[in-house]
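For reference, the chains in residue letters:
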Amino acid sequence: MRGRSDENQKRRLVTWVVVLVIFGGGLYLYSQNHGSSAIEYGSKSLRKFGSSYWGGDDDADDSSTRSGNYADDGVILKSFPVCDDRHIELIPCLDRHLIYQTRLKLDLSLMEHYERHCPQPERRYNCLIPPPPGYKVPIKWPKSRDEVWKVNIPHTHLATEKSDQNWMVVKGEKISFPGGGTHFHYGADKYIASIARMLKFPNNRLNNRGNIRTVFDVGCGVASFGGYLLSSDIIAMSLAPNDVHQNQIQFALERGIPASLGVLGTKRLPYPSRSFELAHCSRCRIDWLQRNGILLLELDRVLRPGGYFAYSSPEAYAQDEEDLRIWRKMSALVERMCWKIASKQNQTVIWVKPLTNDCYMERAPGTEPPLCKSDEDPDAAWGVPMEACITPYSDQQHRARGSGLAPWPARLTTPPPRLADFGYTDEMFEKDMELWQQRVEDYWNLLSPKIKPDTLRNLMDMKAHMGSFAGALKNKDVWVMNVVPENGPNTLKIIYDRGLIGTTHDWCEAFSTYPRTYDVLHAWTIISDIEAKGCSVEDLLIEMDRILRPKGFIIVRDKRPIVELIKKYLKALHWEAVATLDSNGESEQDEDEMVFIIQKKVWLTSESFRSSE
């Protein structure tokens, strides 16, 4: 009996062992196929790099091998796992894999699959994005306009596909950008001058003595048009989706050119009305006639009174039957919208928008498209559905016969007309400028031991208010993406009126950009705001790490408890404290504020390091 009982026990034991082995194997396979492999990478060591490879970063360490980090008060914080190498270019709210996995029912013909669709908290990766194998500190501006390191964006598809158009050329370890485009093979500079000639602007300069400052380039490719505008004191918001033309916006930002991911789909562009003096589309492959011209009407919303739309496309010049049909329909549509042809030559037509509401009022009753309803806010831009209607001017704009803006650069410091929309006075505007001028000077003094004149290029102000942080940087060779949080005053229209650019955003979600695209993040009370909204501060810090370039800086200006909280995360995020400064009570609202400057260390996983050797 005992022998039979022992035999049964052995059988049961073997059965349990087999079950556990099968279960463990299944769990491993599940983790490999469902994104949990990020955790596995989290156990791999990070490697530090000497000055011979990185140009100096001896402070990097391999602290990620520790199971936890000890804060000064004894609290143990986890080391964040490192994301799987498949997520090196992860954009959480523009992740096509997420769309496939969650089976969202989207209309591809309306480009909904290129719009923002953010993961629910339980589906967020919450891991650190590693740089690609062999990653190098980006080439500095202005050289970066014309060349970048291939290892930083190892995608050469466009160089082959657009080889006849001079978009980009692979040259050894670098990718160069000759300045070509679909309709300007011989260079963006010549094409820009030709548009200025068409409009009879002085000296063939598109800035028109400072009256053209903000430009919207839709379907921008690698943003060479916007890059070559910068030398004329024109700043462009270059926009393209995360589509089959791989990494266009990532190339633009790596080059140091202002750019953003986005699409003309079903939602309004994240800009207020009357933001741009000129919009541009060079073979951008947009069906402007769809849905009663709704996309062209959205472009109309963001154009200023008297603004231009430069359109280079076969419909403007080709003579085949289909192109002629589209041209006739598009001409009829813009005529009903009260646009006039300013010039038409070769492959380009330029329309101009009216200065007043007079033409709209003179249209026959029932003319399509209709005027938008008077109770609709033309400046609301976060998640607002587009409508196929014309945005008329306010009574003040109508009477002023235009935007009433000073030419650039006086525009930057001249109180803009739309200050009155917020009850702000000219004196408040001027005091805000003075305050931020001093603050930015303090920031640069703190950063000076760590930076050279060409160290920084792409900056982001995460809570821009009236844009005075960016305004104080006018004499630096940098550009600023001014972000206005969606739940506060919509001051983005003041920022555009000053000749700056920016966007609206909800910081409870990920920003629409590739990893490693900004050199500096300026976080003025944004972390306090997120905490007050009930969103995760930890998620925000991970997101800030995602969009910050290695060796980049974060300037935190916030309450002391927030700064102390961030300090607990430094080792887990592989950040380093650079400097701290008390605010000295510059204004009543910031008596409890302090400045904390952080630098992101350079690191790679041991796997990536081996791949780069």
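The text that follows walks through the structure, step by step, so that each part is easy to find. Residue numbers restart at each chain and count upward from 1, following the sequence in its written direction. Thresholds applied to this predicted model are a pLDDT of at least 70 for local features of residues and 80 or more for the giving and counting of side-chain atom pairs; totals over whole chains, interfaces and linings are not thresholded and use all residues. Excluding hydrogens and water, the side-chain figures rest on all heavy atoms present in the structure.

Before going further, it helps to spend a moment on the packing of aromatic side chains. To pair, rings of Phe, Tyr and Trp, with the six-membered ring standing in for Trp, must have centres within 6.5 Å; the planes then decide the type, stacked if under 30 degrees apart, edge-to-face if over 60, and tilted in the middle. Under the criterion given, the structure shown has 23 aromatic pairs. Taking 5.7 Å as the distance between ring centres and 15 degrees as the angle between the ring planes, the aromatic pair formed by W507 and F511 counts as stacked. Every member of this aromatic cluster is reached through a ring pair, and the members are W288, F309, Y311, W327, W339 and W351. We count a charge as sitting over a ring when the NZ of a lysine or the CZ of an arginine lies within 6 Å of the ring centre and within 35 degrees of the ring normal. Sitting over the face of the ring of F177, R255 holds its NZ or CZ atom 4.2 Å from the ring centroid.

Following E368, the chain continues into P369 via a peptide bond in cis, with omega recorded as 0 degrees. With respect to the helices and strands, the residue P369 is situated in the loop between α11 (358-362) and α12 (395-400). A cis amide bond, omega 10 degrees, links W408 with the succeeding residue P409. Helix and strand definitions follow DSSP, with helices as H or I runs of at least four residues and strands as E runs of at least two, each counted in order from the N terminus. With respect to the secondary-structure elements, P409 resides in the loop between α12 and α13 (410-413). One non-glycine residue, M111, adopts positive backbone phi at about 65 degrees. Positionally, M111 belongs in the loop between α4 (96-102) and β4 (147-149). A positive phi angle is found at R283, which is not glycine, with a value near 50 degrees.

In this section: the packing of helix α17 (residues 526-533) against helix α18 (residues 537-547). Comment: axis = line fitted to C-alpha atoms, over the contacting stretch for helices; angle = value between 0 and 180 degrees taken between N-to-C directions. Where α17 contacts α18, the two axes come as close as 9 Å, and the packing angle between them is 140 degrees. Regarding the angle of α17 to α18, the classification is oblique. Residues I527, I530 and E531 of α17 touch α18, and the partners they reach there are V537, L540 and L541. Residues that form the contact of α17 with α18 fall into these classes: 5 nonpolar, no polar and 1 charged. In this scheme, roughly parallel covers angles under 35 degrees and roughly antiparallel covers those over 145, while 65 to 115 is roughly perpendicular and the rest are oblique. In this analysis, two residues are considered to be in contact whenever any of their non-hydrogen atoms come within 4.5 Å of each other. Nonpolar residues are Ala, Val, Leu, Ile, Met, Phe, Trp, Tyr, Cys and Pro. Charged residues are Asp, Glu, Lys and Arg, and all others, Gly as well, are polar.

Here we come to the sheet that holds strand β17 (residues 518-524). Any two strands are treated as partners once DSSP identifies two or more bridges connecting them. Pairing in this open sheet of 7 strands is mixed, and the strands run β16-β15-β14-β17-β18-β20-β19 from one edge to the other. For this open sheet the edge positions go to β16 (502-505) and β19 (575-582), each flanked by a neighbour on one side alone. On average, each strand axis in the sheet is tilted by 20 degrees relative to the strand beside it, whichever way the strands run. Strand direction decides the pairing type here: strand β18 (residues 548-559) and strand β20 (residues 593-600), joined by 7 bridges, are antiparallel. Bridging across to β20, I554 finds its partner in I598.

Function cannot be read off these values alone, since they describe shape.
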